[in-house]
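Each chain, written out:
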Amino acid sequence: MAVSFQQIEEKLKTEARRLLESGQVSLVLAWGRGFDEKHPMPYVAKGASDVDGIVFNEFCTHNLARYLVRYPRGTKMAVAVKAADSRAVVQLIQEDKVKRHDLVILGIPVYGIKNPKTGEIIDGKTTCGLYNPVLYDILIAEEVHGQPVSSPYAVLAEYEAMDQDARFAFWKKELDRCIRCYACRKACPMCYCDPCFIDQNKPKWGEKSPETPGNLMYHLTRFHHLAGRCIDCGECSRACPVDIPLYLFHKKVAKECEEMFGQAAGMSIEDKPVLVNFRMEDSDKILE
Amino acid sequence: MLKKTAIHQLSDLTSALMGKGTLVAPVREDAGFNFREISDAKQVDLNFHNTIISPKSVFFPQTEDFIRYRTGRPLQEAETVEPEGKPLILFGVRPCDVKSFEIMDIHFSCTGAVDPYWQARREAATLIGYAFDVAAPAEPEEFYQTLGIGAADPEGSDIFMVRRGDDLILKSITGKGEALLAGIEGLAGASADDGKFFDDTVAAGRNFKTRFTCVDAKAITKKLEDLFHNTDFWEKASNACLSCGVCTFACPTCYCFDICDETLFGRGTRRRVWDACMFTDFTLEASGHNPRTKVYQRLRQKIGHKYSYHVRKYGVISCVGCGRCTRHCPVGIDIFSIVEEAMKA
Amino acid sequence: MSFEPKILGIACNWCTYTGADLAGTTRLQYPQNLRVVRVMCSSRINPSFIFRAFQLGADGVLVGGCHPGDCHYNTGNLYARRRLAVTKKILEFAGLEPGRFRVEWISASEGNKFAEVVTEFTGQIKALGPQTKFKIS
Ligand code: SF4
Ligand code: SF4
Ligand code: SF4
Ligand code: SF4
Ligand code: FES
């Protein structure tokens, strides 16, 4: 069945109106009109009168889980999520940044969301490649099935095959371009620290200037902080004004974590994030 | 003086310019175009709409060293970095960006406190402007026309270029431009017809349509002042904002910077690095107090500064409508839509 | 002149650092390329220390902690094992030679093992040559 964006939009509005009118939530995180069709924006409906502003179309790429931590604890919120976004919500629950019972999750199964910059359909190449939410209270459309299934890690093969020097040269070229606007961490649902390590002065972890040393420190550390937590939504890379393929590194770390610890990020609220957990039977092999 | 060259001979022109000074021009890079110092005349590529980062980086680089020293007490071997005054040719700047330099001059040289680094580079530079294509529609993000800047305004440039089919027409606007143009060999003379085309383009540029209707700076200034305490309005406007630095870094008229010391291996540099009012720690005080902890306060600052406080203080809006902030904002926040909403509020 | 690598050692107070002491008091010979920083537990090691060490010119980094199960704080090294395994993968994917970073469990009584590991690791780093990729020039 082809998913109709129009139907999703209608259903989102209906549910949002119902939730707000009944007082079940005090805000609904969804998408709204932007300056043109291609640029819908994250949108917050705080009352029934805001509901008409909700929009859903093929360019609704943003991961709204990012905004959950912005509201005070205990705020009752509904959040519209696509597949990867729902994993972010799960991960945030695992990390106790939001409470499950404070949320109404509006799950949107959808295939065909496009990157407005490139016009390409977003799939397993730049994201986790799931199309159905892993956790929801209300399903906004029928689940989508029959899409080509590819491993989200398939795209890594080319880079894993490079020799060390070539890979270093690749990352140096990519990361040297970074202008340190921090859109990547600000768009990331898992980067919620205040202050972020790179903004600290004592100790100062890395240079502030957008040059090789500071850029390397910022990114390697950020990749590490996202280990076992990145849910592969691809927002960081889409946010980047200079198109650095951050998703490649995040995918690699996610793949290694999955192989070493047998758990992917954001799949179940019963899980504990892998790096704040251990098993007695963890093997020293992982250090080899 | 009116000259012309075939576009396919562009590298002859750029290599001649390289003989006259450091050439900075648009270059195609992985993520799009940017102004870069040219080392090979063939790098210059005029098939761009506009660059990702504005050419302000030429006069006001993202990182700039002021003092280099050896660490220790007392500071040893400290030396100031002298401003560079070597001849600079800035090639292919769009009219809105040319206009931005005038606004930046207010802060870096016209208010009494002169920034010697900005000034030295600015004085040493010859600006070669480049008209937008007035036959094609504007890009959706742009609104320079709204702010009274034409798509082909030659004012502010020393030499201005207009593309005519496969030719590039160059006209000197100032004496400095004339001297440079006269010193370049191999350029063809332009015909009277080319001259007419040039003038027609400039005229068409003044009537060129970008988004929005023209604005009354005074009315906006007042309105934004009135709205300052309307938290609802600003919260709504900033609901999506991530509080990152894309919009300010890409902007040609954002001029904030931080001064920091970076020390390593016993050597230190005191340098300035671009900063942005959208960053959480921009207003963080040493006491730990932060007067702008909320995203809406920061977005209000950004818009208020450009469209209100700046007008009140210096008489001009600190925005040229190049559309970079909108184009690169990860969540599609559009500064002028917010101004429009404000006018309706 | 032969290449004398700079190797950063980060050793936990209770096991590896004490093991190093033992190697010293029993006058075991091992290369002098290792400069040791003592931390209270291997889990105190922030991965950024390691990135930064390579930036500041370390040719190799050796982390030492108690054997799993023996951590003075019971579980510190069990967390550290996971974390440092990730660090290693990140370094490698960024293009650093895999041999430049190693984690070893060395107890307070294993002076011999300490000397052996340091000797072997130093040899390995010598063979790899100077680390230039991350080093800030
Ligand atoms: S690191 Fe990137 S892909 Fe991973 S969760 Fe954050 S924004 Fe999404
Ligand atoms: S990079 Fe690390 S410290 Fe910074 S916000 Fe992300 S997780 Fe937090
Ligand atoms: S979004 Fe891109 S340019 Fe900005 S800090 Fe992140 S990687 Fe660097
Ligand atoms: S307006 Fe857009 S680019 Fe600017 S800080 Fe907000 S999210 Fe970032
Ligand atoms: S005390 Fe040695 S590893 Fe924890």
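Residues numbered from 1 in each chain as written. Chains lettered and ligands numbered in written order. Predicted model: local features only at pLDDT ≥ 70, side-chain atom pairs only at ≥ 80, totals over all residues. Heavy atoms only, no water.

S.K.: Looking at this structure, I do not really get the overall build of chain C. What am I missing?
M.R.: Along its length, chain C carries 4 helices and 4 strands. Mapped from its N terminus to its C terminus, chain C presents α and β elements in the order β-α-β-α-β-α-β-α. Radius of gyration (C-alpha) of chain C: 14 Å, near the 14 Å computed for a compact globule of 137 residues. If you line up chain C on its principal axes, its C-alpha atoms span 40 × 35 × 20 Å. Here chain C, with 137 residues, has 59% of them falling under the buried criterion. For chain C, the share of sequence-separated contacts (at least 6 apart) that also reach a separation of at least 24 residues comes to 81%. Surface summary for chain C: the accessible area is close to 5700 Å², and the carbon and sulfur share equals 51%. Charge centroids of chain C, computed over 17 positive and 10 negative side chains, lie 8 Å from each other. (Helix = DSSP H or I, 4+ residues; strand = E, 2+ residues; numbered from the N terminus. Rg over C-alpha atoms; globule rule 2.2 N^0.38 Å. Buried < 20%, exposed > 50% of the residue type's maximum accessible area, 1.4 Å probe, protein only. Contact = heavy atoms within 4.5 Å. Areas by Shrake-Rupley, 256 points an atom, 1.4 Å probe, with all protein chains shown as cover. Lys, Arg positive; Asp, Glu negative; His and termini not counted. Charge placed at Lys NZ, Arg CZ, Asp CG, Glu CD.)

S.K.: Just checking my understanding: could you explain the overall build of chain B for this structure?
M.R.: Counting its regular elements, chain B contains 12 helices and 12 strands. Whereas a compact globule of 345 residues would reach a radius of gyration of roughly 20 Å, chain B reaches 22 Å, a difference of no more than 12%. Seen through its C-alpha atoms, chain B measures out along the principal axes to roughly 65 × 60 × 40 Å. Sorting the 345 residues of chain B into buried and exposed places 55% on the buried side. A fraction of 72% describes how many contacts in chain B between residues 6 or more apart in sequence connect residues 24 or more apart. Counting 42 positive and 46 negative side-chain charges, chain B places the averaged centre of each group 3 Å from the other.

S.K.: Is there a simple way to think about the interface of chain C and chain A in this case?
M.R.: How big an interface is tends to be reported as the loss of accessible area on association of its parts. With 33 residues of chain C at the interface, the matching set in chain A holds 40 residues. In total, chain C and chain A occlude about 3400 Å² of area from one another, counting both sides; carbon and sulfur atoms represent 68% of this. Counting the surface chain C buries against chain A, the share from its top three residues, Arg81, Arg82 and Phe93 of chain C, is 28%. Viewed at the interface, chain A and chain C are joined by 4 salt bridges. We note a salt bridge from Asp282 of chain A to Arg82 of chain C, for which the minimum N-O separation is 2.7 Å. If you look at where chain C meets chain A, you find 16 residue pairs in polar contact (both at pLDDT 80 or more). Elements with a contribution of two residues or more to the side of chain C that touches chain A: α2 (47-55), α3 (76-93) and β4 (101-105) of chain C. Per-class residue counts for the side of chain C that touches chain A are 18 nonpolar, 6 polar and 9 charged. (Buried area = accessible area lost by both parts, 1.4 Å probe. Salt bridge = Lys/Arg side-chain N within 4 Å of Asp/Glu carboxyl O. Polar contact = N/O pair within 3.5 Å; in protein donor to acceptor, adjacent residues only side chain to side chain. Nonpolar A, V, L, I, M, F, W, Y, C, P; charged D, E, K, R; others polar.)

S.K.: Please clarify how the layout of surface pockets should be interpreted in this entry.
M.R.: Any empty space left between atoms is shown by rolling a water-sized probe over those atoms. Residue and element names in this part refer to chain B. Roughly 980 Å³ of volume is contained in the second largest pocket. Taken together, 35 residues line the second largest pocket, and the ones lying closest to its centre are Arg36, Ser57, Pro61, Gln62 and Thr63. Secondary-structure elements contributing two or more residues to the lining of the second largest pocket are β2 (22-29), β3 (32-37), α2 (56-59), β4 (63-70), α4 (116-124) and β12 (267-274). Counted by class, the lining of the second largest pocket contains 16 nonpolar, 6 polar and 13 charged residues. (1 Å grid on protein atoms, 1.4 Å probe; cavity = no way out; pocket = protein on both sides within 12 Å on 5 of 7 lines; lining within 4 Å. Points joined across faces, edges and corners; volume = space filled by probe spheres on them.)

S.K.: Explain the site of ligand 1 here, please?
M.R.: Close to ligand 1 lie Cys188, Pro189, Arg222, Leu226, Cys230, Ile231, Asp232, Cys233, Gly234, Glu235, Cys236 and His250 of chain A. Taken together, the residues of the shell around ligand 1 break down into 7 nonpolar, 2 polar and 3 charged. (Near = heavy atom within 4 Å.)

S.K.: What's the story with the sheet that holds strand β11 (residues 257-264) of chain B in this structure? I'm lost.
M.R.: Within a sheet, adjacent strands bond to each other through the backbone by hydrogen bonds, running parallel or antiparallel. Residues and elements named next belong to chain B. Pairing is antiparallel across the open sheet formed by 4 strands, whose spatial order is β5-β4-β12-β11. Each edge of the open sheet carries a strand with a single partner, namely β5 (76-80) and β11. Shown here is a sheet whose adjacent strand axes are inclined to one another by a mean of 25 degrees, direction ignored. Sheet topology note: the β4/β12 ladder contains 7 bridges and is antiparallel. Note that in β12 the partner of Tyr69 across the bridge is Gly268. (Pairing = 2+ DSSP bridges. Axes fitted to C-alpha atoms, helices over the stretch in contact; angles between N-to-C directions.)

S.K.: I would appreciate a short explanation of the packing of aromatic side chains in the present structure.
M.R.: How two aromatic rings sit relative to each other is given by the distance of their centres and the angle of their planes. Evaluated as defined, the whole model comprises 36 aromatic pairs over all chains. Ring centres of Phe249 of chain A and Phe93 of chain C lie 5.0 Å apart, and the angle between their planes is 85 degrees; this geometry places the pair in the edge-to-face category. Taken as a pair, Phe249 of chain A in helix α8 (residues 246-261) and Phe93 of chain C in helix α3 lie in two separate chains rather than in one. Phe249 of chain A gets classed as buried once you look at its relative accessible area, which sits at 1%. The exposure class of Phe93 of chain C is buried, given its relative accessible area of 2%. (Phe/Tyr/Trp six-rings, centres within 6.5 Å; stacked < 30°, edge-to-face > 60°.)

S.K.: What's the story with the domain arrangement of chain B in this structure? I'm lost.
M.R.: Residue and element names in this part refer to chain B. Per the domain assignment, the segments of chain B are domain 1 (2-206) and domain 2 (217-344). Placing a centre on the C-alpha atoms of domain 1 and another on those of domain 2 gives a separation of 25 Å. Taken together, the 42 residues of domain 1 in the interface contact 39 residues of domain 2. Taken over both partners, the interface formed by domain 1 and domain 2 buries close to 3500 Å², and the fraction arising from carbon and sulfur atoms is 60%. (Domains from an automatic or database assignment.)

S.K.: Could you clarify how one ought to interpret the state of the cysteines in this entry?
M.R.: The term disulfide refers to a covalent linkage connecting the sulfur atoms of a pair of cysteines. Residues and elements named next belong to chain B. The final tally for this structure, using the stated rule, is 0 disulfides over all chains. Of all cysteine sulfurs, the one in Cys256 lies closest to Cys110, which takes part in no disulfide; the gap is 17 Å. Cys110 sits in the exposed class, given a relative accessible area of 57%. Cysteine Cys251 is unpaired, with the sulfur of Cys254 as its nearest cysteine sulfur at 3.7 Å. (Disulfide = S-S within 2.5 Å.)

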